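The residues making up each chain are set out below.
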Amino acid sequence: MKKSSAATPPRTPAKKSSKKKTAKTSTVKSSPSARKSSPVPQVHSIDWKAELAAALSSAAGVPVEQAAGSLMPPSTPVADWCSNLAFSVAKEKKTNPAKLSAEWASSPNAKWPSFISKVEAVGPYLNFHFASSFWTALLSQAVSSPSWGKGEPKAAKVLVEFPSVNPNKPWHVGHLRNALLGDSIARLLGASGRTAERMDYIDDLGLQVAQSVWGKQKLAGVQPPAGSPFATKLDHQLGWQYVEVAKKLADPQVEEEVRSLLKQVEEGHEPIASSARALVESCVKAQYQTAFSFGIYHDALIFESDVIRTIFKEGLNKIISSGMAVKETEGKNAGCLVVRLADQPEFAGMENADKILVRSDGTATYTGKDVAFQLWKFGLLQDKFVYSPFMVQPNGQTAYKSSRSGDPFPFARAQAVVNVIGAEQAYPQKVIAAVMRKIGYKTQAAACIHLAHELVVLPEGRFSGRAGTWMSGEKGGPGFTADELLHEMKQLAIEKITAENYSAEEKQIIANGVAVASIRFWFLRPSAMQKITFDYEKALSFSGDSGPYIQYAYARAGRIMEKAEEAGIAAKLPPADYVFNEKEIALLRLLLRWPSAVEHAASKYQVHPIADYALDAAGKFNEFYTTTPVLGEKAGGHSSSRLMMVAASRALLGQSMDILGLPRLEKM
RNA sequence: GGGCCCGUGACUCAGCCUGGAUAGAGUGCCUGCCUUCUAAGCAGGAAGUCGGGAGUUCAAAUCUCCCCGGGCCCGCCA
């Protein structure tokens, strides 16, 4: 039952993913530096938006809510903040909005907050400029508190499932997109203060597994070309064998043998059942090597055989006892357990809205299994799973797997469930939520989030695991597996390093980091619903709007700080009379909006706005970098103040990079 | 038949949910800038009927309806 269709993710440096072992619940970390009393006002400890709204409210004589609703960042860099209140008031009073704004700007009733240095009417708009002390306070917080910009810790746990790739082949670029989305969403949720748990669903039953077992036994000679750097990687070997098996299936004898294997696997006959599970786990481990190379990690792997053995029946009973599932006695679905959905609005227009959960032969459909699994994710079933360690990941955390023996862990039991799955599977995902709603779990049904994404395709069409369209073609070029893409990218990145003084080891680290960032960014920048046509030419570029562009800005900032330290210059808050230049103001405005940008993106389960934000921040920093000397005589004695800008910019860039999984490189 | 998604300069995409100030980037093309903190960069230029039409509104890329083009979904498949 594989659900995700494609897309794979890039790697990220494992931040603190919520490891499970749980119960040790999170200690709320209070950042000491943020707490200690600071000589400057704390920008985010005062609700500046509320203060501004209150002042505007009295200046214009409108309710506070109306004033607050009119405040926004300007679309062009004409001011720090603005209001379009005059439009709506002018309409009510049938007068000229520009005139109103002009009146409010100089209204004697207005008591503008002290952090506002200037209020001006520009046409119908009311524009606000913040005082230097406001910006200084913001800088102080951004630099002194490591948790600055992170959301307030929230109690709710969000479970994110991805990528659920069948364990019989290597990840192709489509699986990579899915995994990158899942990984980055989990990072984003974490940055917003939520607890994200990363789960993978492994289909260790089914035809493909039987085919893999058969292929492993009979087609050991079928392998990727010897020249391939991945010729000995198990997932690649199985993938090549799988394509071969698919061709041979036309032979009745082969078909018969595979079918027999399938029966033994599904019925748990030994020794086949155990060796099949072992093969599956080995393949997943090989796939996870790919994941790790992109910085993708998991907390728990749930195997389908364990779902069937442990929770499926209970989930089904829950639906049956609610009276919402019935066994058909006649008609084309006779003998099947079905749930009727015709009364649900989203299925209204369907010819037949009945959905089969259990077939007439007693086996579960995909949807049937998924509904039970989803109930478990929300903690609505007795949790009978036990887990054992699957592997220790490079980020130091152990990924656990469901198994026959082991210990219980409080995985799942989530308040919201995000399934990262291709948009093509929107219908079955709706069925899951609809069934939950029907049996009475309305809150949970509303918290079923299908994070849908479009596929990665080739100019000639979609990928097919069976047809092997992911393999290198006859042209002999690289194939479309995630491993090959990263390999190609590293080659290019290495060539791009021209600095003479880097050691071979440094070059490797840089090339790897650049390759990962480039690929991750390439997949994460467009919105998830945008189809991506894979093209090596375009994927392999790293200038302009790209991951390396962001890394470059970050590295530049790092070098300035390094040189400052060598010179013994420390960052200090700008003095009261410091005048921020235009480039500095641009950076400060981005800094100001960052926390709400994170929360907004997280609440919508969208990663791509963060990619845009990071690009914007990198661009603004590069402008600052080229126009504003920080060190040396040209800095005109402002080195310490400007170093503060550099440090804050670096913090902002770093946080956005962590969410996107772009490795923080100190040098490039 | 019913439903979902995409359609913005030559190309690839943001912006649409929460309507407002000259529609933003990048690539490609044309011009400049490395004796000064990394040129994987910066500055500037040419390039756009925001698929089409109607409607709502003081104001529409953004909201509503219809249409066109492309993709996907509506199985006792997985």
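A brief report on the enclosed structure follows.

Rules of the game
Residues numbered from 1 in each chain as written. Chains lettered and ligands numbered in written order. Predicted model: local features only at pLDDT ≥ 70, side-chain atom pairs only at ≥ 80, totals over all residues. Heavy atoms only, no water. Helix = DSSP H or I, 4+ residues; strand = E, 2+ residues; numbered from the N terminus. Rg over C-alpha atoms; globule rule 2.2 N^0.38 Å. Buried < 20%, exposed > 50% of the residue type's maximum accessible area, 1.4 Å probe, protein only. Contact = heavy atoms within 4.5 Å. Lys, Arg positive; Asp, Glu negative; His and termini not counted. Charge placed at Lys NZ, Arg CZ, Asp CG, Glu CD. Salt bridge = Lys/Arg side-chain N within 4 Å of Asp/Glu carboxyl O. Near = heavy atom within 4 Å. Polar contact = N/O pair within 3.5 Å; in protein donor to acceptor, adjacent residues only side chain to side chain. Nonpolar A, V, L, I, M, F, W, Y, C, P; charged D, E, K, R; others polar. Axes fitted to C-alpha atoms, helices over the stretch in contact; angles between N-to-C directions. Parallel < 35°, antiparallel > 145°, perpendicular 65-115°, else oblique. Pairing = 2+ DSSP bridges. Core = buried A, V, L, I, M, F, W, Y, C linked by side-chain atoms within 4.5 Å. Phe/Tyr/Trp six-rings, centres within 6.5 Å; stacked < 30°, edge-to-face > 60°.

Comments concerning the overall build of chain A
Thinking step 1. Helices and strands together make up the secondary structure of chain A, namely 23 helices and 16 strands.
Thinking step 2. Relative to the 2.2 N^0.38 estimate, which gives 26 Å for 668 residues, the radius of gyration of chain A is 28 Å and therefore close to what a compact globule would have.
Thinking step 3. Taking the principal axes of its C-alpha atoms as reference, chain A extends roughly 90 × 65 × 50 Å.
Thinking step 4. The proportion of buried residues among the 668 residues of chain A is 56%.
Thinking step 5. Within chain A, counting contacts between residues at least 6 apart in sequence, those at least 24 apart form 75% of the total.
Thinking step 6. Computed over 78 positive and 65 negative side-chain charges, the inter-centroid distance for chain A is 4 Å.

Points about the environment of A564
Thinking step 1. Inspection of the secondary structure assignment puts A564 in helix α20 (residues 547-566).
Thinking step 2. In the structure, A564 is positioned 448 residues away from I116 in sequence and 33 Å away in space, judged by C-alpha atoms.
Thinking step 3. The residues contacting A564, other than those within four sequence positions of it, are I569, L631 and L643.

So, the pattern of salt bridges
Two side chains bearing opposite charge may form a pair once their charged atoms approach each other closely.
Thinking step 1. Taken as a whole and judged by the stated rule, the model has 36 salt bridges.
Thinking step 2. Between R309 and D306 there is a salt bridge whose closest N-O contact spans 2.5 Å. Placement of the pair is R309 and D306 together in helix α12 (residues 304-310), with a separation of three residues, close to one helical turn.
Thinking step 3. The exposure class of R309 is partly exposed, given its relative accessible area of 37%.
Thinking step 4. Residue class for D306 comes out buried when judged on its relative accessible area of 1%.
Thinking step 5. Note that K667 and E506 form a salt bridge whose closest N and O atoms lie 3.0 Å from each other.

A word on the protein's contact with RNA strand B
Thinking step 1. Inspection of the region around RNA strand B gives 62 residues, with Y125, R359, Y552, D612 and Y625 positioned closest.
Thinking step 2. Among all atoms of RNA strand B positioned within 4 Å of the protein, those belonging to sugar or phosphate total 60%.
Thinking step 3. At 3.0 Å from a base nitrogen of RNA strand B is found a side-chain nitrogen or oxygen belonging to N84.
Thinking step 4. A distance of 2.9 Å is found between a phosphate oxygen of RNA strand B and a side-chain nitrogen or oxygen belonging to H608.
Thinking step 5. At the level of elements, α4 (85-93), β4 (125-130), α18 (504-524), α20, α21 (582-604) and α22 (608-627) are the ones that each hand at least two residues to the surface near RNA strand B.
Thinking step 6. Here the surface near RNA strand B takes seven residues from α20, the largest share from any one element.
Thinking step 7. Split by residue class, the surface near RNA strand B holds 26 nonpolar, 17 polar and 19 charged.

Examining the packing of helix α7 (residues 173-191) against α18
Thinking step 1. Their axes nearest at 10 Å, the elements α7 and α18 cross at an angle of 85 degrees. In terms of orientation, α7 lies roughly perpendicular with respect to α18. On α18, the residues that touch V173, L176, R177, L180, L181, D183, S184 and R187 of α7 are I519, R520, F523 and L524.
Thinking step 2. A class-by-class count of the residues in the contact of α7 with α18 yields seven nonpolar, one polar and four charged.

Notes on the environment of N317
Thinking step 1. Mapped onto the secondary structure, N317 falls in helix α13 (residues 312-321).
Thinking step 2. It is 9.5 Å that separates the C-alpha atoms of N317 and A372, two residues lying 55 residues apart in sequence.

Description of the sheet that holds strand β2 (residues 81-83)
Thinking step 1. With antiparallel pairing, four strands are arranged side by side in an open sheet as β1-β2-β4-β3. Edge positions in the open sheet fall to β1 (71-72) and β3 (116-122), since each of these has one partner strand only.
Thinking step 2. Two strands pair when backbone bridges link them, and β2 and β4 are joined in this way by three bridges, in the antiparallel orientation. Along β4, the bridge assignment pairs S83 with L126.
Thinking step 3. Sheet contacts for helix α5 (residues 97-105): β3 and β4; angle to β3, the most-contacted strand, approximately 160 degrees.

Here's the deal with the pairing of strand β12 (residues 398-403)
Thinking step 1. Counting buried residues in β12 gives six out of six residues, a clear majority hidden from the surface.
Thinking step 2. On β12, burial covers both faces: T398, Y400 and S402 on one face and A399, K401 and S403 on the other are all buried.
Thinking step 3. In this structure, strand β7 (residues 300-303) lies alongside β12, joined through two bridges in parallel fashion. Among the inter-strand pairings, L301 is bridged to a residue of β12, identified as K401.

Considerations on the nonpolar core
Thinking step 1. If you look at the biggest cluster of nonpolar residues, it comprises 204 residues, and the most contacted ones within it are W376, L485, F523 and F534.
Thinking step 2. Looking at which element gives the most residues to this core, the answer is α21, with 11 residues.
Thinking step 3. Each residue touching W376, except ones within four places of it in the same chain, is listed here: M199, I302, I311, L381, D383, F385, Y387, F411, A412 and R413.

Let's talk about the packing of aromatic side chains
Thinking step 1. Within this structure, the stated rule accounts for 33 aromatic pairs.
Thinking step 2. Both rings, one in F373 and one in W376, keep their centres 5.6 Å apart while their planes meet at 10 degrees; by these two values the pair is stacked. With F373 and W376 both in helix α14 (residues 366-377) and three residues apart, the pair spans about one turn of that helix. Take F373 and W376: they sit in the same class, and that class is buried.

Considerations on α13
Thinking step 1. Taken residue by residue, α13 has F312, E314, G315, L316 and I319 as its buried positions.
Thinking step 2. Considering only its buried residues, α13 is in contact with α12, β8 (325-327), β9 (337-340), β10 (354-358), α14 and α15 (426-438).
Thinking step 3. One or two residues past the end of α13 sits G323, with phi positive at roughly 80 degrees.

Focus on the sheet that holds β10
Thinking step 1. Read across the open sheet, the three strands follow the order β8-β9-β10; overall the sheet is antiparallel. At either margin of the open sheet sits one strand with a lone partner, and together these are β8 and β10. Across this sheet, the average inter-strand angle for adjacent strands is 40 degrees, counted without regard to direction.
Thinking step 2. Alignment of β9 against β10, held across four bridges, turns out to be antiparallel. Of the residues in β10, the one forming a bridge with V338 is I356.
Thinking step 3. This element, α13, spans β8, β9 and β10 of the sheet and lies at about 140 degrees to β10.

Taken by themselves, the reported measurements are silent on function.
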